[in-house]
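# Summary of the model geometry
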Amino acid sequence: MTQANTPLEYRSHQSQMNILGFWIFLGAEIVLFSTLFASYFVLEHNTAGGPAGQDIFILKDVLIETFLLLTSSFTAGLAIHFMRNNAKNDMIVWTIVTLLLGAGFLYMEINEFIHYVHEGATIQTSGFTAAFFTLLGTHGAHVTFGIIWISLLLFQIAKRGITEKTSSKFFIASLYWHFLDVVWIFIFTFVYLKGMVG
Amino acid sequence: MSLDEFFVTGDPLILGSQIAIGLTMVGLVALITYLKRWKWLWREWFTTVDHKKIGIMYILAGVLMFFRGGVDGLLMKAQTSRPELGFLDAQHYDEIFTTHGVIMILFMAMPLLIGIMNVVVPLQIGARDVAFPKLNALSFWLFFVGAMLFNISFVIGGSPDAGWTSYFPLAGKEFTPGVGNNYYAIALQIAGIGTLATGINFVVTIIKMRAPGMSWMKMPIFTWTSFVTSILIVAAFPIFTVALAFMSLDRLFGTHFFTVAAGGDPMLWLNLFWLWGHPEVYIVVLPAFGMFSEVIATFSRKNLFGYKSMVYAVAGIAFLSMLVWVHHFYTMGNSAAVNSIFSLTTIMIAIPTGVKIFNWLFTMRKGRIEFSNAMLWSLAFIPCFTIGGVTGVMLAMAAADYQYHNTMFLVAHFHYVLIPGVVFAVFAGLYYWWPKMFGFKLNEKIGKWHFWLFVIGFNMTFMPMFFVGLDGMSRRMYTYSESTGWAPWLGFSAVGSVVMAAGFAALCYNIYWSFRYASRDVGSDPWNGRTLEWATASPAPHYNFAVVPEVDRIDDFWYKKKEGKTGIKKSDLKPVHMPSNSWTPIFLGVAFGIVGFFLVFEWFTLAVISSILIVIGLVANSFDYDDGYHIPVDELEEEEREWRGELK
Amino acid sequence: MKALKRGMLLLTMLAIPLFLAGCDRLIVFDPKGPIARSLTDLIVYSIIFMLVIVVVIFVLFGYIVWKYRARKDDGDFEPKEEKGNHTLEIIWFAIPIVIVIALMIPTTKTIYEVEDVPQGYEEEEPLVIHVTSADWKWIFSYPDQDIETVNYVNIPADHPVQFKMTSAGTMQSFWVPELAGQKYTMANMQTKLYMVADNPGSYYGRNTNFNGRGYAHMDFEVQALERDDFNEWVQEVKDTANQLTEDEYAELLKPTIIGRKTYNQTHLQWIDHAHGGSEKYLNPELYEIHHGGEEPAADEQTENTEQEQVETEENASESSSHEGHSHH
C-alpha cells in the first residue's frame, strides 16, 4: 500500500478512509445544495411586489466574483501540485494566493449583498429574496469556513511540513474548495444568468 | 422575558414533572459524587470513542426516550378514553402528541437502531472500530444534546405544538408565536447533524473495514441493511437540514419561505419534509429487517433463505422510498396523473417487502425453531407487520386515501408498521445481542411476560383505531362527543395501552433483575450464532478481535465452528492500534446545546458569543495529532487466554 | 404463563363481536352519494385482496411455526442448509406484481372519476359553493345566491355541487365521509371537490388536518334538501339574515370556536383567500398560549349562535354538529 507511486495523501489506510468519507460528505452537500436550488426555483417568482432578480443583479460584479473563485480553484490545484512535489514553500505561497482570491470573492459578495439591501431587497422582503439570500449565503458561509479551515492547515503545514497526515488533510480541504467552485458555476448559471433573462 | 414565562407554569402535571426532574437531577449528581464516580464516568464513558460503549449510550438514551414518549402516549390514551374528558386541555394535548411523535421517531427509534448498529456492525465485519471513532462520539453527543434540548421544552418555555410533521403555516410564527416550535427547529437540527455524520461513518466503515475475504455478497444481512440505511441517511438528511434551516429563518428572522404572506409557500415545507420523512421511515425499518433476518436464521438453525434476493429487496425498497413522498398529501389537489403515478410507486414497495416476508417464512421452514425471546419478537413481527403492510397498500391507493387520510385509520396503520417493524426488532436485537454487550443474558422468563403483555397490549391499543378511523374520527382530536359512538373503541384502546406499558415495565425489571442475578457464565457464543460477532469474547473486548478473522464464505463463523477452526495462534498476535479518548466530541456537543438553547429563546447576542465555544472545539480538533496507542501482545494474550484457554 | 394465554383468548373472544358489531355501521362503508360510493367500492375491492393476502400469510406462518418448532428430543437435529429456490422466489416476486396491477387499474379509474362531475349528472350545471376554512370554523359562500353560512352548508339533494376551497390561514382538510372524501384547503390556492347527495339528509363533515387548539371542534353539517326546500331556504335567508359587513367578517376570522351563522352577501366581494391577501386579517397576538388556560373564546360559543341563527327546521339541533353522523 505504500508504493512510491501512491500519492502521499493516500498512503495510510486511515487517510484513504478520510478521503472516501469526505467524498461521501460531498455527496450529502450535493443533496443539500440541490434542495436549496430546488427551493429557489419554487420561490423564484414569488416576489410579492418586491424587486425581482433582473431588477437588482449587477452582472459586472458577479463576473468578477466568478473570475476570482475560478482562479482560486486553479491556484488551489497548483498548491496540491507543489505538495506532491514536496515543495513546501511553493505550496504555501499558492495556498496564500488561493486564500486571498477567496477573501476577494467574499468581499465582493458582501458588497453585492449590501447593494441589494439598499435596493430594498432584504432577506425578509419576499419568498424570492429569502431563497436567494439563503442559497447565496450558504455558499458564502461555506467559502468563509473554507478560508478559516485552510488557514489553520497552513499553520500545521508550516510547522509539521508535508507529511502523510498533513497532506491528506490539505488534499481534503482542496476537494472542498473545488466543490464550492462547482456550486458557484451552478449559481452563476441558474441564478444570475437565468435571472437576468427573466 | 419574565421568569414565569421562562418556566412553564399553571399546570399541575407539568409542575409535578418539574419537581420530579429537579429532584432526580440533584439525586443523580449526589449519588455520583457519593460513589466518587465522576472520574470514571468521564474516562470510561463521556470521552470514549469505543463503538461498543457509544452504542450502549445510544441504547440507554433510547430506552429513556422510550419512557418519555410512552408516558406521552399514555396521557393521550387517558384523555381520549372517555368522551369530553377534561384531563388535558387542547393545548396540552397538542403538545403531547407533537412530542410523542418526534421523540418516538427521532429520539427513540433512531438511537436504539443506531446504538445496535454501533455495537454490532464493526463486530460483524471483523473490524476493530468504525472508520472515524471520534466522529462517532461526536454523532452521539450531538444526538444526545439535541434530544435533551427538545425534552426540556415542556418545563422551560413550552413544548412544540404543531405536530411531529410541523406543517406550515401552523408552525409559522403567526400561528404559534411561542418558543415551542423553535425547539423543534433547533433541537432536530443539532440531532440531525449527528445522524448525518453517523451515516457517513458507517458507509465508509462498511466499504473499507471489512475483514479480509468478506466480499459484498459474503456480508451478514444486518450489515447490508445498515449499509443501505446509512446511504439513505446521507441522501435524505441534508433535505431535512435545509427544511429546518428555512423554518428557523422564518421563525427567528422573519423570512418568508413558508408563510402565507409575501410570497411564501407552505406546501414547499410539506414537500421537503416528506422528501426526508418518507426515506426516514425506511431508515428506521431497514436495519430492523436485518435484525429479524439474523435472529430468524440463528434460531431456525438454518442459513437465511434467498440471501441475495433479500439484499436486492432492501436496495429496491430504499430506492423506491425516495420516489413516494407525495402519497403523504394525495389530498393536496394534485392532478389525477400525479396521484396515479405516486400510487403506483407506493404500492410497488409491497413487492420487495413481500419477497422478504416469504424469505423469512422459508428460512424457518424445515428448520428447528427455538422459541427464545429474541425469536418470539421476530415471530410476532411477521403477522403484525403484515397487517401494517396491507393497510399501507390500502392507503397507497390515492382515491381510497380520500377517506383514510389524516384519520385514525392512518394512525393505526403506521403504528402497525413502526411498532412491529422497529420496536419488536429492537427488543429482538436487545435480547439477542445483550450477552455480547454485557456478558450475561436477559432473563427468559421475565422476558416472556414482557413479550406477551407488550404484544397483546399493542394489538389492543391500535386495532380499534382502524375502526374509529373508518367511522370518521380524524387524528389528533383531544376530545369527542358521546354521540359519535367512538367511546367503546377508544376505551378499549386505552386499556390496551396500559397493558403495553406493563410490558415495558417488565422489560425494565428484566434489565434490573438480570444485572443483579443473571449468570455471568454464558460463553462467547450463547445462541450458536452464525456471524463474526460471536467469534470473540462476551462482552467483546475493547479491541474486538485479537487477530482479525479471515472470511471465505457467508456465515463463515458457522462453518469454522464445525471445522473446529475458530482458535487463534499465539504467533499471529500483533500489537493492536487503538484510538485515544477525546474530550472534543462531548465539548462540541455541549457547545452546540448552549448555542441552540440561546437560539430557541432568540437571545442572539448570547448565541453569537457562545458560538465561540464551537469554534474552539473545531480548532482544537484540527490541531489534534494524537495517533492513539498500541495494545502490547502480552496484554492481548492475557485477555484472550481468559476465555479461550491456553493459546497454541 | 398459562393464565396469560387464557386471558388472551378471552380478550380475543370479547374483541371479535365488538369488531363485527362495529364494522357494518362504520361511516366509510355507508356512502350516501355516487362519489363516496365509488370510493367505498374501491375500498371494499382492496379489502378483499388484502384479506386473501393476510389469510395466506397467517396460515403459512402458523403451519411453519407449528410444524418446525423445536422439540425436546431433537436437540441434535441439524437442518439442511438452503441457499434459496429460484422458482419459489420468482413466484413470490410475480404474484405481488399481478396484485399491484389488479389494484392499480381500479385505483387509477377512481382517481380520475372523483375529480369530475359524477356519472349521470353531466347534464346538470353544478351548484358552486366557495369554502373558506379559518381558525376554527368553516365559511361557505354561495356566489350565485349571494349568501354565506358558517359551520353548516345546505345543498340541493340529487344535484351536483362543486366546492371551490381555500383557507384564510392555516391548512385544513375538508372531509364529508358519506358524500365525497376529502381535500386540503390552503391559503393562496384553490382546490376543487365534487359532491352529490342521493337523498335529503344530514351528513357529518369535519376538518382532518390539525390546525391548533380549536381543531377538535372544527366540524360542520352538510344538509341536503329537496330542490324546492333548498330554494325556499335561500329565499328565507335573503329575507331575514343580517348583512355580512367587512368588520363582522374580520371578527369571524379571529381564532375562535363559534356556532352557526347565516348572512346575506358573501365575503368574496372583499377578498378571495385563494388569491392572497389573507395576512391583513392575521393577528399573532390572538394565538398566544397560556398554559392551563381557558379554551379559546369559549364564551362566544353560545351567545352569538342563537340570535343570528336563521330559523330552519334542521338546525334546531345545532348544539352538536355530530348529528350528521346519523347512524348513531
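Numbering of residues starts from 1 in each chain and follows the order in which that chain's sequence is written. Chain labels run from A onward and ligand labels from 1 onward, assigned in the order the entries are written. Totals for whole chains, interfaces and linings use all residues, but because this is a predicted model, local features are given only for residues with pLDDT of at least 70 and pairs of side-chain atoms are given and counted only at 80 or more. Values shown for side chains rest on all heavy atoms present in the structure; no hydrogens or waters enter the calculation.

Per an unreviewed UniProt entry, chain C goes by the name Quinol oxidase subunit 2 and belongs to Gracilibacillus oryzae. UniProt positions are given in the numbering used here, feature names are shortened, and annotations may be inferred rather than shown by experiment. Chain C has a UniProt comment under Subcellular location (unreviewed entry) that states "Cell membrane". Per UniProt, chain C carries the Catalytic activity (unreviewed entry) text "2 a quinol + O2 = 2 a quinone + 2 H2O".

Per an unreviewed UniProt entry, chain A is named Quinol oxidase subunit 3, and its organism is Gracilibacillus oryzae. UniProt annotates chain A under Catalytic activity (unreviewed entry) with the comment "2 a quinol + O2 = 2 a quinone + 2 H2O". For chain A, the Subcellular location (unreviewed entry) comment in UniProt is given as "Cell membrane".

### Some thoughts on the overall build of chain C
Only runs of H or I of at least four residues qualify as helices and only runs of E of at least two qualify as strands under DSSP, and these elements are numbered from the N terminus. In terms of regular secondary structure, chain C is built from six helices and 12 strands. With a 1.4 Å probe rolled over the protein chains alone, any residue whose accessible area is under 20% of its type maximum counts as buried; one over 50% counts as exposed, and the rest are partly exposed. A burial count over chain C gives 53% of its 328 residues as buried. A contact between two residues is defined here by any heavy atoms of the two lying within 4.5 Å. Sequence separation of at least 24 residues holds for 71% of the intrachain contacts in chain C that already meet a minimum separation of 6. Each accessible area is a Shrake-Rupley estimate made with a 1.4 Å probe; only the visible protein chains count as cover when residues are assessed. As presented, chain C carries roughly 15,100 Å² of accessible surface, and 56% of it is formed by carbon and sulfur atoms.

### Here we look at the UniProt feature "transmembrane region" (unreviewed entry) in chain A
On the UniProt side, "transmembrane region" (unreviewed entry) is annotated at positions that read residues 20–42, 62–80, 92–110, 130–158 and 170–193 of chain A here. From the first C-alpha to the last, residues 170–193 of chain A spans 33 Å; its make-up is 100% helix and 0% strand.

### Examining the interface of chain B and chain C
Opposite the 111 residues of chain B that make contact, chain C presents 105 residues. Two parts placed together each lose some accessible area under a 1.4 Å probe, and the buried area is that loss summed for both. For the pairing of chain B and chain C, the buried interface totals around 9,500 Å² over both sides, and the portion due to carbon and sulfur atoms is 72%. The term salt bridge refers to a side-chain nitrogen of Lys or Arg lying within 4 Å of a carboxyl oxygen of Asp or Glu. In this structure, the connection of chain B to chain C is made through two salt bridges. C:Glu78 is paired through a salt bridge with B:Lys562; the nearest N and O atoms lie 4.0 Å apart. Any N or O atom pair separated by 3.5 Å or less is treated as a polar contact, with the protein-specific requirement of one donor-capable and one acceptor-capable atom, and with residues adjacent in sequence counted only for side-chain atom pairs. The interface formed by chain B and chain C contains 25 residue pairs in polar contact (both at pLDDT 80 or more). The greatest single-element share of the side of chain B that touches chain C, amounting to 10 residues, is contributed by helix α16 (residues 444–470) of chain B. Following the grouping adopted for this structure description, the nonpolar residues are Ala, Val, Leu, Ile, Met, Phe, Trp, Tyr, Cys and Pro, the charged ones are Asp, Glu, Lys and Arg, and the polar ones are all others, Gly among them. Residue composition of the side of chain B that touches chain C, grouped by class: 61 nonpolar, 30 polar and 20 charged.

### Details of the interface of chain B and chain A
Note on interface size: it is often stated as the accessible area lost on association of the parts. Across the contact, 35 residues belong to chain B and 36 residues belong to chain A. Note on chain B versus chain A: buried area summed over both sides is about 2,900 Å², and carbon and sulfur give 72% of it. Taken as a group, B:Lys208, B:Phe623 and B:Tyr625 account for 22% of the area that chain B buries against chain A, more than any other trio of residues on that side. At the boundary of chain B with chain A, the tally comes to one salt bridge.

### Considerations on the pairing of strand β10 (residues 219–225) of chain C
Side-chain direction in a regular strand flips from residue to residue, so the side chains alternate between the two faces of the sheet. All names here are of chain C. β10 sits mainly inside the fold: seven of its seven residues count as buried. Side-chain alternation along β10 places Asp 219, Glu 221, Gln 223 and Leu 225 on one buried face and Phe 220, Val 222 and Ala 224 on a second face that is also buried. Both strand β9 (residues 201–207) and β10 contribute to a ladder of six bridges, which runs antiparallel. Bridge pairing in β10 places Tyr 204 opposite Glu 221. Paired strands, as defined in this entry, are two strands with at least two bridges between them according to DSSP.

### Description of the side chain of B:His450
With respect to the helices and strands, the residue B:His450 is situated in helix α16. With residues up to four places along the chain from it excluded, the contact list for B:His450 reads B:Trp377, B:Phe427, B:Tyr431, B:Gly503, B:Ala506 and B:Leu507.

### Some points on the domain arrangement of chain C
Residue and element names in this part refer to chain C. Each domain's extent is set by a domain assignment, obtained either automatically or from a database. Assigned domains of chain C: these are domain 1 (29–68 + 85–115) and domain 2 (127–326). When the two sides are added together, the surface that domain 1 and domain 2 hide from each other amounts to roughly 830 Å², 50% of it contributed by carbon and sulfur. When the area that domain 1 buries against domain 2 is broken down by residue, the three leading residues are Lys 32, Ile 35 and Glu 115, summing to 57%. Two residues, Asp 198 and Arg 37, come together in a salt bridge whose shortest N-O distance is 2.1 Å. Summed over the shared surface of domain 1 and domain 2, the result is five residue pairs in polar contact (both at pLDDT 80 or more). When residues of the side of domain 1 that touches domain 2 are assigned to their parent elements, the largest contribution, five residues, is made by helix α2 (residues 34–67). When its residues are assigned to classes, the side of domain 1 that touches domain 2 shows six nonpolar, one polar and four charged.

### A word on helix α21 (residues 633–644) of chain B
All names here are of chain B. One less than the number of residues in a helix, times 1.5 Å, gives the span that helix is expected to have. A rise of 1.5 Å per residue sets the reference length of α21, with its 12 residues, at 16 Å; its end C-alpha atoms lie 16 Å apart and thus fit the reference within 8%. When α21 is considered as a whole, its buried residues turn out to be Leu 636, Glu 637 and Glu 640. The buried residues of α21 occupy one face: seen down the axis, they fall within an arc of 95°. Opposite the packed face of α21, turned more than 90 degrees from it, sit the exposed residues Asp 634 and Glu 642. Contacts made by the buried residues of α21 are with β1 (576–578) and β2 (629–631). Looking one or two places after α21, you find Gly 645, whose phi comes out positive at around 85°. Throughout, the arc means that of the directions going from the helix axis to the C-beta atoms.

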